[in-house]
Amino acid sequence: MTLSQNSIPVLQAKTMNRHITTNFEIPTGSFALFTITTLTILVAFYDQVIVPILAKYTGKPNGISATIRMVFGLLLSCIAMAVAGIVERIRRRNSVEENFSISALWLVPQFCLIGLAEAFNAIGQIEFYYRQLPKSMSSVAVAFFTLGTAFSGLLGGLIISVVDKVTKSSDSKESWVSSNPNLGHYDYYYWYLTFLSVVNLFYFVICCWCAGPCGEEENTRASDDGAEVNEGMLENS
């Protein structure tokens, strides 16, 4: 759901100094490019550099298990929303109280963190599906993963609508997610998303604890057990 928060940064960027040079300024809707760039760079760097290093210490061919990757991705998602809240607090204070527009490059860290979170979480999920589930279930699980990504956009829109109605002031008729960033409180909204992300992280950890170990060793062990069962059936026949 944190990936679907693209409209608010666009409104933020409109009130910020987007000039890189005197003749060029960053378009308001192009900051998501930093997420895609970070995701692309990390995937290549992780496979070529980080995995071999981790494999030497953990003894696992993939460095760390898929579940740890997902946990780390969810943790980075929490940090990304917290950073977004801090940046918005700084932007709003400078814009409202001091009538000063800070640089739009302040938005870059949260987009990069979201890219890192997506790289660890999404790739970890896909790896988990194909390594831990039977072949007949892995493709269905990936399809549900894509469906969940689409559903997150709808959920994000629903949360914005609810927050808008609940936090709307009777005097100014402005809410936390007002179309005017200086009249709203996007920082409060980002902290609310941080809270939801933390709750989601703990829920995922509890699910992992209930499910038990799901590392590559268990998967290999299950495959060996299945092979032994098949050999026994052939011998009995």
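Located above this text is the structure these notes cover.
Predicted model only: the values in this text are computed from it and were never measured.

Definitions and limits used
Residues numbered from 1 in each chain as written. Predicted model: local features only at pLDDT ≥ 70, side-chain atom pairs only at ≥ 80, totals over all residues. Heavy atoms only, no water. Helix = DSSP H or I, 4+ residues; strand = E, 2+ residues; numbered from the N terminus. Expected span 1.5 Å × (residues − 1). Buried < 20%, exposed > 50% of the residue type's maximum accessible area, 1.4 Å probe, protein only. Contact = heavy atoms within 4.5 Å. Axes fitted to C-alpha atoms, helices over the stretch in contact; angles between N-to-C directions. Parallel < 35°, antiparallel > 145°, perpendicular 65-115°, else oblique. Left-handed = near helix turned anticlockwise from the far one by under 90°. Phe/Tyr/Trp six-rings, centres within 6.5 Å; stacked < 30°, edge-to-face > 60°. Salt bridge = Lys/Arg side-chain N within 4 Å of Asp/Glu carboxyl O. Polar contact = N/O pair within 3.5 Å; in protein donor to acceptor, adjacent residues only side chain to side chain.

K.L.:
Quick question: what am I supposed to make of helix α6 (residues 186-211) here?
P.N.:
An α-helical turn contains 3.6 residues, so a residue and the one three or four places further along point in the same direction. If you check α6, its first and last C-alpha atoms are 37 Å apart, about what 26 residues at 1.5 Å a residue would give, namely 38 Å. Turning to α6, its buried residues are Tyr-186, Asp-187, Tyr-189, Tyr-190, Leu-193, Thr-194, Ser-197 and Leu-201. The inward-facing, buried residues of α6 abut α1 (7-14), α3 (66-97), α4 (108-132) and α5 (135-166). Backbone geometry just downstream of α6 places Gly-212 in the positive-phi region, at approximately 85°.

K.L.:
For this particular structure, what's the right way to read the packing of α3 against α6?
P.N.:
The relative placement of two packed helices is expressed as an angle between their axes plus a distance between the axes. Two elements in contact, α3 and α6, have axes whose closest approach is 8 Å; the angle formed by their N-to-C orientations is 165°. Here α3 is positioned roughly antiparallel relative to α6, judged by the angle of their axes. Crossing geometry of α3 relative to α6 is assigned as left-handed.

K.L.:
I'm lost on unusual backbone geometry in this one. Help?
P.N.:
Note: most peptide bonds trans; most residues except glycine with negative phi. Here the phi dihedral of Asn-99 falls at roughly 55°; this positive angle occurs in a residue that is not glycine. Considering the arrangement of structural elements, one finds Asn-99 in the loop between α3 and α4. Here Asn-99 falls in the exposed class, since its relative accessible area comes to 71%.

K.L.:
Please clarify how α3 should be interpreted in this entry.
P.N.:
Counted at 1.5 Å a residue, the expected span for α3 with its 32 residues is 46 Å, and the 46 Å between its end C-alpha atoms agrees. At the exit of α3 stands Asn-99, carrying a positive phi of roughly 55°.

K.L.:
Hey, could you run me through the packing of aromatic side chains in this one?
P.N.:
The geometry of an aromatic ring pair is captured by two quantities: the separation of the ring centres and the angle between the planes. This structure, assessed with the given rule, holds seven aromatic pairs. Judged by centre distance (6.3 Å) and plane angle (50°), the ring pair of Tyr-189 and Tyr-190 falls under tilted. When sorted by exposure, Tyr-189 lands in the same class as Tyr-190, which is buried. Chaining the aromatic ring pairs together yields one cluster made of Phe-31, Phe-34 and Phe-111.

K.L.:
Hey, could you run me through the pattern of salt bridges in this one?
P.N.:
Side chains bearing opposite charge may pair, as long as their charged atoms lie close to each other. Scanning all chains against the criterion turns up five salt bridges. When the shortest N-O distance is used, the salt bridge between Arg-18 and Glu-25 registers 3.7 Å. Residue Arg-18 is classed as buried on the basis of its relative accessible area of 15%. Each of Arg-69, Glu-127 and Arg-131 takes part in salt bridges that share partners, so that together they form one network.

K.L.:
Got a minute to help me understand the side chain of Arg-91 in this structure?
P.N.:
With respect to the secondary-structure elements, Arg-91 resides in helix α3. Given a relative accessible area of 1%, Arg-91 falls into the buried group. Of note is the side chain of Arg-91, whose polar atom sits 2.8 Å from the side chain of Glu-88. If we skip the residues at most four places from it in the chain, Arg-91 touches Gln-12, Thr-15, Met-16, Ile-102, Pro-181 and Asn-182.

Treat this as a map of the structure, not an account of what it does.
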